[in-house]
Amino acid sequence: MDKIVLGRTGLEVSRVGFGCIPIMRLEKKEAVALLHYAYEHGVTLFDTANAYADSEEKVGEAFHGMRDKVVIATKTAKRDGAGAMEHLELSLRKLRTDYIDVYQLHQVSKESEWEEITGPNGAMEAILKARDEGKVRHIGFTSHNLNVAIKIAKTGQFATVQFPFNFIESDPEKELFPLAREIGMGILAMKPFGGGALDDGKLALKFILQSKGVVPLPGFDATWQVDQAISTLQENPGEITGEELAAMERYREELGKEFCRRCEYCQPCPQGVEITSAMQYELVSRKMPLETLLSFSGPAMETVQNCIECGTCVERCPYSLSIPQVIKRNYDLYKRHLEEAKRK
Ligand code: SF4
Ligand code: SF4
């Protein structure tokens with residue numbers, strides 16, 4: 001696989017990295033086999049996080065003994081120094097290593113979080129110290145808020161930025177990514193497949209490869225997905241055609257503005273509502289026959305009745321989606337589908 005230098009970190013990484021959220025769903029043995037498969041096919045950049053359940057443990061299991069062959073990025077969502085250091089030590093243990101290549105502040109999307117991080121006893125001071133001690137090689141951050149991300153990038157304190165980027169969320173290419181390039185930051189694209197909503201993986205990757213220096217981090221949970229990424233690169237995709245532009249436009253129209261990226265930051269709901277599935281219902285309903293739809297989505301849709309519109313999920317959603325309204329609209333559609341199924 002082609003290689004690329006990750007900004008001023010100087011780290012040479014594979015043109016496409018491996019987002020390690022989906023390996024949480026796999027058994028340890030399967031996850032390790034998949035990580036090895038990706039490595040054997042040229043993937044050398046693996047992005048995980050303290051927040052991704054046992055993902056770090058699986059990455060550690062896969063690559064201990066060959067640590068210098070891979071680049072490992074992980075994250076802490078702690079904003080205070082003591083908490084961030086506790087996470088760092090935990091990550092080092094789980095990843096079975098004594099250094100992290102890129103240690104990222106996870107999901108800094110509010111001004112108040114940034115103030116906490118840079119304030120007295122904040123995470124920034126502690127991570128800089130950890131870098132001096134050699135436990136961290138480079139410091140990065142991830143965010144879902146463009147204004148906050150631009151502000152943080154402008155401080156010049158970070159070697160990498162990670163932001164959602166795909167053909168329906170292309171705004172980072174207006175200001176954030178050009179700024180990052182100008183100051184030599186490595187650029188990592190999270191959600192290259194829109195959290196699973198962009199099911200044309202080849203087109204989604206091709207779009208990102210048009211952006212100079214941007215390294216996509218697709219989440220893989222099967223070998224065919226790794227193969228697809230590799231074949232997209234091997235085919236040397238070239239420029240986006242008119243036909244592909246039209247296909248992207250169709251996705252934009254279909255997904256609309258209330259588009260849920262399935263990131264699950266809104267969970268858990270205190271009332272037990274299965275928010276992510278309920279958010280997806282309308283989209284899924286367009287792709288499945290009625291009977292399959294009802295048995296697939298029914299249990300999750302039934303939980304929508306428990307919603308008391310407390311707003312907790314909206315507060316947590318990085319895209320500020322109107323979750324209670326959307327899931328209730330989807331619930332009404334589900335009820336109509338139930339009626340329709342009865343009439344058949
Ligand atoms: S608004 Fe509804 S779905 Fe969201 S957290 Fe509250 S009860 Fe759960
Ligand atoms: S509703 Fe928001 S937080 Fe929840 S999964 Fe969708 S995009 Fe993520």
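Caption draft 1: Region of interest: the overall build of the protein. The number of helices and strands found in the protein is 14 helices and 10 strands. Scaling as 2.2 N^0.38, a compact globule of 344 residues should have a C-alpha radius of gyration of about 20 Å, and the protein matches this with 21 Å. In terms of its C-alpha atoms, the protein occupies a principal-axis envelope of roughly 70 × 50 × 40 Å. In the protein, of all internal contacts separated by at least 6 residues, the share reaching a separation of at least 24 is 74%. Accessible surface computed for the protein: about 15,800 Å², of which carbon and sulfur atoms make up 49%. The distance from the centre of the 43 positive side-chain charges to the centre of the 50 negative ones in the protein is 1 Å.

Caption draft 2: Highlighting the packing of aromatic side chains. Using the criterion set out here, one finds 12 aromatic pairs in the structure. Between phenylalanine 167 and tyrosine 251, the ring centres sit 5.4 Å apart and the planes meet at 70°, which makes this aromatic pair edge-to-face. Placement of the pair is phenylalanine 167 in the loop between strand S8 (160-164) and helix H7 (176-182) and tyrosine 251 in helix H10 (residues 242-255), with a sequence separation of 84 residues. Considered together, phenylalanine 167 and tyrosine 251 belong to a single accessibility category, that of buried residues. Here a set of aromatic residues connected by ring pairs shows up, and it is made of Phe18, Tyr39, Phe46, Phe63 and Phe220. A cation sits over an aromatic face here: arginine 67 above tyrosine 99, 4.0 Å from the ring centre. Across the ring face of tyrosine 99, the terminal group of arginine 137 is positioned such that the distance to the ring centre comes to 3.8 Å.

Caption draft 3: Spotlight on the site of ligand 2. The local shell around ligand 2 consists of Cys260, Arg261, Arg262, Cys263, Glu264, Tyr265, Cys266, Thr276, Cys317, Pro318, Tyr319 and Ile323. When its residues are assigned to classes, the shell around ligand 2 shows eight nonpolar, one polar and three charged.

Caption draft 4: Quick look at the site of ligand 1. Taken together, 14 residues form the shell around ligand 1, and within it Cys269, Cys307, Cys310, Gly311 and Cys313 come nearest. Those elements that provide at least two residues to the shell around ligand 1 are helix H13 (312-316) and helix H14 (323-343). Within the shell around ligand 1, the residues separate by chemical class into 10 nonpolar, three polar and one charged.

Scoring rules and cut-offs
Residues numbered from 1 in each chain as written. Chains lettered and ligands numbered in written order. Predicted model: local features only at pLDDT ≥ 70, side-chain atom pairs only at ≥ 80, totals over all residues. Heavy atoms only, no water. Helix = DSSP H or I, 4+ residues; strand = E, 2+ residues; numbered from the N terminus. Rg over C-alpha atoms; globule rule 2.2 N^0.38 Å. Contact = heavy atoms within 4.5 Å. Areas by Shrake-Rupley, 256 points an atom, 1.4 Å probe, with all protein chains shown as cover. Lys, Arg positive; Asp, Glu negative; His and termini not counted. Charge placed at Lys NZ, Arg CZ, Asp CG, Glu CD. Phe/Tyr/Trp six-rings, centres within 6.5 Å; stacked < 30°, edge-to-face > 60°. Buried < 20%, exposed > 50% of the residue type's maximum accessible area, 1.4 Å probe, protein only. Lys NZ or Arg CZ within 6 Å of the ring centre and 35° of its normal. Near = heavy atom within 4 Å. Nonpolar A, V, L, I, M, F, W, Y, C, P; charged D, E, K, R; others polar.

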